[in-house]
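So the chains spell out like this:
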Protein chains: 2
Amino acid sequence: MADLVYKKIMQNLKDKIKANDFEANRLPDERTLSDEYHVSRSSIKKALSILAQQGVIFKKRGSGTFVNPLYLKNKSIFRYEGSNLGITNNLKTEGYHPSIKVLDFKVISAPAEIKEDLFLNDGEFVYEINRLRLLDEKAIIIETSYIPIKIAPSLTKKIVQGSLFDYFAKELHSTGTKAFMSLEAQPSTADDQDLLDLKTTEPVGIMEGIFFLDNGTPLEISDMRVHYKYFSYNTFVNLPD
Amino acid sequence: MADLVYKKIMQNLKDKIKANDFEANRLPDERTLSDEYHVSRSSIKKALSILAQQGVIFKKRGSGTFVNPLYLKNKSIFRYEGSNLGITNNLKTEGYHPSIKVLDFKVISAPAEIKEDLFLNDGEFVYEINRLRLLDEKAIIIETSYIPIKIAPSLTKKIVQGSLFDYFAKELHSTGTKAFMSLEAQPSTADDQDLLDLKTTEPVGIMEGIFFLDNGTPLEISDMRVHYKYFSYNTFVNLPD
DNA sequence: GGTTAAAATTGGTACGTATCAATTCTAAAT
DNA sequence: ATTTAGAATTGATACGTACCAATTTTAACC
């Protein structure tokens, strides 16, 4: 367990919520919680505001703080905490066995669009990595990644057979994951149908992401074509005003 | 402009970022900003942390605060602020003319799954609203909504021809929009192909949302089948740890 | 009983202080 | 020039205070 005050409180509150410890799905007010936990109201507010952002609770001024009834009923939509990159991370936790097959791994001069998105200069080189992601021997994602050579000069085919996330986390001290994700749907191409075992009428979900290092440097572009049955993205949307 | 300190600072910082006022894409440190704006460091922190959450800036302890280079280049992926419900709201701002055609509007006893998600008791009734959303006369979304009668007893076919968002915002003082969204891709059905003018090989994007009132009461289930060319969802993902 | 105005409750905003932790910078040592 | 240890920088955590705004509760009034 994290040793930060607000994280401990978050965890404890979630435990209590799951155990149905709160009358009428209503939490005690912030001042009371502050007393009970022997911490400042600011720390309570920080914990509560993160839980609200994740959709676990709802806060309403003058009224109180309430449990999201959906959080109790462990609906499938709630397999995440806040936002959800879905797919591999999700599936790994459920007893399936993901694996990776490298289709192609080469260095090319960055194409125009890639150059733009990764903020590269003319003539700079990138890895183009083409991988097939499998789940229990079944192909579910065709992934094409682009990574500037200068950021990871020592990338090898062997490394690429494993998780790039883990590699970057270790090599570049990139702790958190930050990315722009764009989701779409498209008819499957002949290639998709071949690799992912799809009928012509069956589509793919498109998941394009631009990933950043902690200091904001664009690190990777990842373009994923996902078998539609394995394509799903869940999130809690919270638009103020 | 909002009269809240942190909102004014957010807006001002975004303006300066767009005007490229910061050397090397690096913002002044928090203490300096606090002096410059004549506000407390806490207020600066609040503004910065929201901008970081939205992906506008990146913060790194010991290092500084940096502009997301993608925010400058007004990339398509950046048509939002933080998260993006896409589609209608987005298109409205771009000169297209959205409209709604009501296909069906009736009251039914809540089906099992709907009853579950809206936390209704046996025998409770819901509106089932079937609408076609058009853009410049072209059908792009088939939407099926379920709303408990007890929450909106005075809903009429006339009201349903307009925006339900606007209606609820006014009638139920639900200021913000909170929802669980689930996105998928599916082959188009014969119905989809007919209504949305799709070929058999062309898919639909599925967007299912459970919307909540400010106090956490589930208000509406909305199931949208979207013409794949108009289906797109952009978001900034920020996974700590 | 229903209405209405005052009081209490409850989360939001804003300011300020102290301390810590990650990173970068500086300067001494070799 | 390179290495290294200390100092400075910079964002993060935590505590606390004061006041505000939305909502609910209470109590007075008719």
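An unreviewed UniProt entry annotates chain A as HTH gntR-type domain-containing protein of Fructilactobacillus lindneri DSM 20690 = JCM 11027.

Right, let's talk about the UniProt feature "domain: HTH gntR-type" (unreviewed entry) in chain A for a bit. Taken from the UniProt record, the annotation "domain: HTH gntR-type" (unreviewed entry) applies to residues 3-70 of chain A. Here residues 3-70 of chain A runs as 54% helix and 15% strand, with 28 Å between its end C-alpha atoms.

On to the sheet that holds strand E9 (residues 218-227) of chain B. One open sheet accounts for seven strands, arranged E10(A)-E7(B)-E8(B)-E9(B)-E6(B)-E5(B)-E4(B); its pairing is antiparallel. The open sheet has two edge strands with one neighbour each: strand E10 (232-239) of chain A together with strand E4 (98-109) of chain B. Each neighbouring strand pair of the sheet contributes to a mean axis angle of 20°, computed without reference to strand direction. Sheet topology note: the strand E8 (residues 203-212) of chain B/E9(B) ladder contains nine bridges and is antiparallel. Its bridge partner lying in E9(B), B:Ile206 is registered against B:Arg225.

Its 13 residues place the ends of helix H3 (residues 41-53) of chain A 18 Å apart at the C-alpha level, agreeing with the 18 Å of an ideal helix rising 1.5 Å per residue. Taken together, the buried residues of H3(A) touch helix H1 (5-18), strand E1 (26-27), helix H2 (30-37), strand E2 (57-60) and E10 of chain A.

Close to DNA strand C lie 24 residues; A:Glu30, A:Arg31, B:Val5, B:Tyr6 and B:Ser43 are nearest. In DNA strand C, atoms within 4 Å of the protein come 63% from sugar and phosphate. The contact in question runs from a phosphate oxygen of DNA strand C to an N or O atom on the backbone of A:Glu30, over 2.8 Å. Elements with a contribution of two residues or more to the surface near DNA strand C: H2, H3, E2 and strand E3 (64-67) of chain A together with helix H1 (5-18) and helix H3 (41-54) of chain B. Broken down by element, the surface near DNA strand C gets its largest block of residues, three residues, from H3(B). Residues of the surface near DNA strand C, tallied by class, amount to four nonpolar, eight polar and twelve charged.

What counts and how
Residues numbered from 1 in each chain as written. Chains lettered and ligands numbered in written order. Predicted model: local features only at pLDDT ≥ 70, side-chain atom pairs only at ≥ 80, totals over all residues. Heavy atoms only, no water. UniProt positions renumbered as here; feature names shortened; annotations may be inferred. Helix = DSSP H or I, 4+ residues; strand = E, 2+ residues; numbered from the N terminus. Pairing = 2+ DSSP bridges. Axes fitted to C-alpha atoms, helices over the stretch in contact; angles between N-to-C directions. Expected span 1.5 Å × (residues − 1). Contact = heavy atoms within 4.5 Å. Near = heavy atom within 4 Å. Polar contact = N/O pair within 3.5 Å; in protein donor to acceptor, adjacent residues only side chain to side chain. Nonpolar A, V, L, I, M, F, W, Y, C, P; charged D, E, K, R; others polar.

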